[in-house]
Amino acid sequence: MHRYRTHTCGALRQENAGQEARISGWVHRKRDHGNLLFVDLRDQHGLTQCVTDISSPAFKILEAARPETVLCVTGKVVPRSGETANDKLPTGRIELVVGTVDILSEAAVLPMQVAGEQEYSEEMRLSYRFLDLRREKMRDNMLLRSNVIASLRRRMWAAGFHEYQTPILTASSPEGARDFLVPSRIHPGKFYALPQAPQQFKQLLMTSGFDRYFQIAPCFRDEDSRADRSPGEFYQLDFEMAFVTQDDVFDTITPVLAGVFEEFGNGRPVTQGAFPRITYADSMLKYGSDKPDLRNPLLITDVTEAFKGSGFGLFAKNIDKGAIVRAIPGPKSSDQPRSWFDKLNEWARENGAGGLGYIQFKAEGPAGPIAKNLDAERVAKIKAATGANDGDSVFFVCDQPEVAAKFSGLVRTKICDELGLLDRSKFMFCWIVDFPMFERNKDTGQIEFSHNPFSMPQGGMEALLNQDPLTIKAFQYDIVCNGVELSSGAIRNHRPDIMYKAFEIAGYKNEDVEARFGGMLNAFKYGAPPHGGSAPGIDRIVMLLADEPNIREVILFPMTGRAEDLLMQAPNSVSEKQLRELHIKLNLPKESVAKAEVKTEAKA
RNA sequence: GGGGGCGUAGUUCAGUUGGUUAGAACGUCGCCCUGUCACGGCGAAGGUCGCGGGUUCGAGUCCCGUCGCUCCCGCCA
């Protein structure tokens with residue numbers, strides 16, 4: 001018989017009845033009847049009830065064993081009679097009658113319980129992550145994550161990709177997020193940087209003649225956290241393809257993502273076939289966001305014309321000053337009480353808007369404060385433009401274009417929420433395409449890259465030479481699912497001449513470009529294939545599949561919002577010797593010095 | 001860097017208008033219990049109310065500061 005187990009805690013069934021079996025695991029729960037004792041033994045695979053009574057020498061040992069003690073139990077598999085069977089457990093038709101028991105590891109009194117659904121503070125969970133991870137929900141999430149990654153790998157290989165490893169210690173990239181730096185011992189005063197993404201490496205791989213690359217790639221960015229953004233590090237399904245158009249990239253990755261969501265989505269419907277493509281401009285207009293949640297059925301429309309020079313002076317005056325008006329429908333809400341509209345107006349004020357205007361299209365005619373000040377023709381125009389029916393209402397946001405677009409997106413979400421219109425059971429994907437290549441900086445008036453400077457401008461060199469830069473689109477795209485940005489990607493600019501020109505428009509001299517991006521630029525001078533790719537975020541994919549609102553729920557050992565690992569005590573101070581070797585002298589702000597001293601004392 | 005929420009037994013929480021000895025549940029420990037599966041019953045231990053200061057005859061409660069967790073803005077090519 002195996003030293004520790006003949007079966008896992010989830011394996012035994014009725015057909016094993018009569019066999020001798022050995023299982024090992026953690027004491028999940030005990031039910032002590034004085035002379036009869038049940039112990040639920042748990043491992044990764046499940047739960048098995050073990051039973052013993054006062055006549056057994058094992059009884060005393062088990063009675064004294066605290067929850068989460070690790071045991072090895074050997075005994076006889078016995079069927080449970082009708083009334084004592086437990087159909088909630090796969091192993092519920094049998095139990096293990098304890099013959100001998102071996103304590104493999106004792107457990108101290110627990111700071112947090114593993115069994116049960118009790119919620120614990122983030123601090124508690126992260127400090128005792130090893131206990132937290134023993135809980136069913138977390139175990140399921142981590143197994144899901146592992147299975148999702150395995151499936152992504154299978155699907156990428158099947159699509160002709162190979163997986164390659166790119167450096168973790170690399171150079172600081174001048175654009176983008178804040179880098180994590182690693183001091184060099186051999187080169188005093190110089191630093192490596194952890195990659196924000198393997199972007200340049202994968203483009204170099206294409207230039208080196210490798211056709212289809214992918215990697216489950218760790219990425220490091222020293223930026224503040226959010227609920228869907230872990231501080232410090234995260235994983236991407238990073239991929240890149242040579243000799244492809246934007247359509248090729250879409251056609252290749254769509255079945256991979258849709259397939260994974262079908263496989264792990266528990267039957268929740270997934271966008272079928274090609275994902276809808278929405279231009280950036282359209283997305284900002286209709287959804288008020290560049291990551292629209294298509295489960296929300298509401299569409300925004302522009303109704304500036306209807307208010308221009310109208311009797312509703314507040315909007316008319318603002319329009320003369322360059323404002324626009326966006327309309328958000330509120331289906332079947334015209335008979336909501338006044339207080340409902342007032343509350344929404346209050347919400348709008350709290351969120352920095354002047355307020356939230358509205359028209360109620362009641363059966364007996366348009367109503368509400370705005371309707372009174374607009375002539376019938378204009379009201380009818382709004383009704384037609386928004387497609388509102390009798391019984392609906394329509395909300396209005398009036399502000400400068402960018403502010404109005406963004407806020408109407410918030411209103412769209414809020415109204416959908418208020419009216420309960422979101423279908424949570426679906427995964428709805430889309431591509432956001434045609435991002436602008438350049439934009440004007442509001443403060444400086446300068447033309448800047450609006451996203452990735454290495455994307456290919458649509459129209460290539462000719463567009464850069466002949467078009468108003470602000471009208472040039474890039475071959476740049478995002479994948480969005482249920483309002484979550486899964487990734488951005490692009491067809492890259494592989495032509496040095498076009499790159500120089502694009503940077504020139506954004507105000508860079510050739511020598512600046514060479515100084516900052518010399519490595520990649522140089523490679524492109526010796527024959528580079530047209531290429532493009534993307535990098536869907538693994539953590540976010542798993543988050544969506546697990547239906548978790550927070551990214552920490554799908555990461556084994558996450559850091560706190562302030563980028564601390566409570567389990568490993570990172571970051572931490574290092575020894576004088578280590579600092580000397582790295583040629584580093586600390587120059588700390590006063591508060592940190594005080595704090596560091598306190599920390600040392602507490603430890604001693 | 002800025003704003004919001006939370007912080008009370010080991011844990012999750014309750015705690016009225018500022019007023020006697022700060023409560024409950026789970027956990028822990030002890031006793032009882034031979035068919036439970038969130039077993040049940042009886043009992044006990046367990047608190048610097050995050051920390052510091054202030055107002056007050058009196059502060060868990062009010063005020064100021066600070067620390068921690070968290071959500072958002074900034075930031076995230």
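If you're wondering where the values come from, they're calculated on a predicted model, not measured in any experiment. (Residues numbered from 1 in each chain as written. Chains lettered and ligands numbered in written order. Predicted model: local features only at pLDDT ≥ 70, side-chain atom pairs only at ≥ 80, totals over all residues. Heavy atoms only, no water.)

Draft legend 1. Representation of the side chain of R492 in the model. You can see R492 is positioned in the loop between β21 (484–491) and α15 (496–505). Among the polar contacts listed, one links the side chain of R492 to the backbone oxygen of G533, at a separation of 3.4 Å. Those residues within four positions of R492 in sequence are excluded, and the remaining contacts are Q199, K202, Q203, E240, N452, F454, S455, M456, H531, G532, G533 and S534. (Helix = DSSP H or I, 4+ residues; strand = E, 2+ residues; numbered from the N terminus. Polar contact = N/O pair within 3.5 Å; in protein donor to acceptor, adjacent residues only side chain to side chain. Contact = heavy atoms within 4.5 Å.)

Draft legend 2. Layout of the protein's contact with RNA strand B. Taken together, the neighbourhood of RNA strand B is formed by 48 residues, with D32, N35, T84, H451 and N550 sitting nearest. Each atom of RNA strand B within 4 Å of the protein belongs either to a base or to sugar and phosphate, the latter forming 59%. Contacts to RNA strand B include D224, whose side-chain N or O atom sits 2.8 Å from a base nitrogen. Note that a sugar or linking oxygen of RNA strand B is positioned 3.2 Å from one of the backbone N or O atoms of N452. Looking at the surface near RNA strand B, the elements with two or more residues in it are β1 (20–32), β2 (36–43), β3 (46–53) and α2 (122–127). Of the residues assigned to the surface near RNA strand B, the class counts are 11 nonpolar, 16 polar and 21 charged. (Near = heavy atom within 4 Å. Nonpolar A, V, L, I, M, F, W, Y, C, P; charged D, E, K, R; others polar.)

Draft legend 3. Unusual backbone geometry, seen in detail. For the bond running from A570 to P571, omega is -5°, close enough to zero to count as cis. Looking at the element boundaries, P571 is found in the loop between α17 (538–546) and α18 (576–581). Backbone geometry places F243, a non-glycine residue, at a positive phi of 55°. One can find F243 in the loop between β10 (232–242) and α6 (246–264). Despite not being glycine, Q569 shows a phi value in the positive range, around 60°.

Draft legend 4. Region of the structure containing the pattern of salt bridges. The final tally for this structure, using the stated rule, is 35 salt bridges. With a shortest N-O distance of 2.9 Å, R42 and E68 are connected by a salt bridge. Note that R42 is positioned in strand β2 and E68 in the loop between α1 (58–64) and β4 (70–79), a separation of 26 residues in sequence. (Salt bridge = Lys/Arg side-chain N within 4 Å of Asp/Glu carboxyl O.)

Draft legend 5. Spotlight on the sheet that holds strand β15 (residues 365–367). Pairing within the open sheet is antiparallel, and its five strands lie in the order β12-β13-β16-β14-β15. Among the strands making up the open sheet, the edge pair consists of β12 (301–302) and β15. As paired elements, strand β13 (residues 324–330) and strand β16 (residues 393–399) share seven bridges and run antiparallel to each other. Following the sheet pairing, A327 is matched in β16 by F396. Contacts from helix α10 (residues 338–350) reach β14 (357–362) and β16 within the one sheet, and its direction differs from that of β16 by about 25°. (Pairing = 2+ DSSP bridges. Axes fitted to C-alpha atoms, helices over the stretch in contact; angles between N-to-C directions.)

Draft legend 6. Main features of the side chain of T69. Topologically, T69 is positioned in the loop between α1 and β4. Among residues more than four places away in sequence, those in contact with T69 are G25, W26, V27, I103, S105, E106 and A107.

Draft legend 7. Spatial organisation of α15. In terms of burial, α15 is largely enclosed, as eight of its 10 residues are buried. The complete set of buried residues in α15 reads P496, I498, M499, Y500, K501, A502, F503 and I505. On the buried face of α15, the contacting elements are β18 (438–440), β19 (447–449), α14 (460–466) and α16 (510–524). Two residues or fewer past α15, G507 is found with a positive phi of approximately 90°. (Buried < 20%, exposed > 50% of the residue type's maximum accessible area, 1.4 Å probe, protein only.)

Draft legend 8. Molecular detail of the nonpolar core. Counting residues in hydrophobic clusters, the biggest one holds 65 residues, and the most contacted among them are V148, I253, F261, F429, F438 and L545. When residues of this core are assigned to their parent elements, the largest contribution, nine residues, is made by α6. With residues up to four places along the chain from it excluded, the contact list for F261 reads V270, F427, F429, C481, I541, L544 and L545. (Core = buried A, V, L, I, M, F, W, Y, C linked by side-chain atoms within 4.5 Å.)

Draft legend 9. Expanded view of the pairing of strand β20 (residues 476–481). Most of β20 sits out of view: six of its six residues are buried. The alternating pattern of β20 places Q476, D478 and V480 on one face and Y477, I479 and C481 on the opposite face, and all of these are buried.

Draft legend 10. Spatial organisation of helix α9 (residues 313–320). Those residues of α9 that sit buried are F315, A316 and I319. For α9, the angular spread of buried residues about the axis comes to 100°, placing them on one side. Residues of α9 that are exposed and angled more than 90 degrees away from the buried face: L314, K317 and D320. Buried residues in α9 make contact with α8 (304–307), β13, α11 (369–372) and β16. Just past α9, the residue G322 takes up positive phi, approximately 100°. (Arc of directions from axis to C-beta.)

Draft legend 11. Fine view of the environment of A384. For A384, the position within the fold is in helix α12 (residues 376–386). Linking A384 and P529, residues 145 residues apart in sequence, is a C-alpha distance of 50 Å.

Draft legend 12. The pairing of strand β9 (residues 212–221), seen in detail. Of all 10 residues in β9, eight are buried; the element is thus mostly enclosed. Alignment of strand β6 (residues 162–163) against β9, held across two bridges, turns out to be parallel. Looking at the pairing, H162 lines up with Y213 of β9.

Draft legend 13. Seen up close, the packing of α15 against α16. At a closest axis distance of 11 Å, the pairing of α15 and α16 adopts a crossing angle of 155°. Judged on the interaxial angle alone, α16 and α15 are roughly antiparallel. α16 is crossed by α15, and the crossing has right-handed handedness. Two secondary-structure elements touch here, α15 through P496, M499, Y500 and F503 and α16 through N510, V513, E514, F517, L521 and F524. (Parallel < 35°, antiparallel > 145°, perpendicular 65-115°, else oblique. Left-handed = near helix turned anticlockwise from the far one by under 90°.)

Draft legend 14. Structural context of the packing of aromatic side chains. All chains considered together, the criterion is met by 30 aromatic pairs. Taking 5.8 Å as the distance between ring centres and 85° as the angle between the ring planes, the aromatic pair formed by W431 and Y477 counts as edge-to-face. Of this pair, W431 sits in strand β17 (residues 429–433) while Y477 sits in strand β20; the two residues are 46 residues apart in sequence, bridging distant segments of the chain. For W431, a relative accessible area of 1% corresponds to the buried category. Taken together, the aromatic side chains of F250, F261, F275, F427, F429, W431 and Y477 make up a single cluster linked through ring pairs. Above the ring of F161, the side-chain terminus of R212 is found at 5.3 Å from the ring centroid. (Phe/Tyr/Trp six-rings, centres within 6.5 Å; stacked < 30°, edge-to-face > 60°. Lys NZ or Arg CZ within 6 Å of the ring centre and 35° of its normal.)

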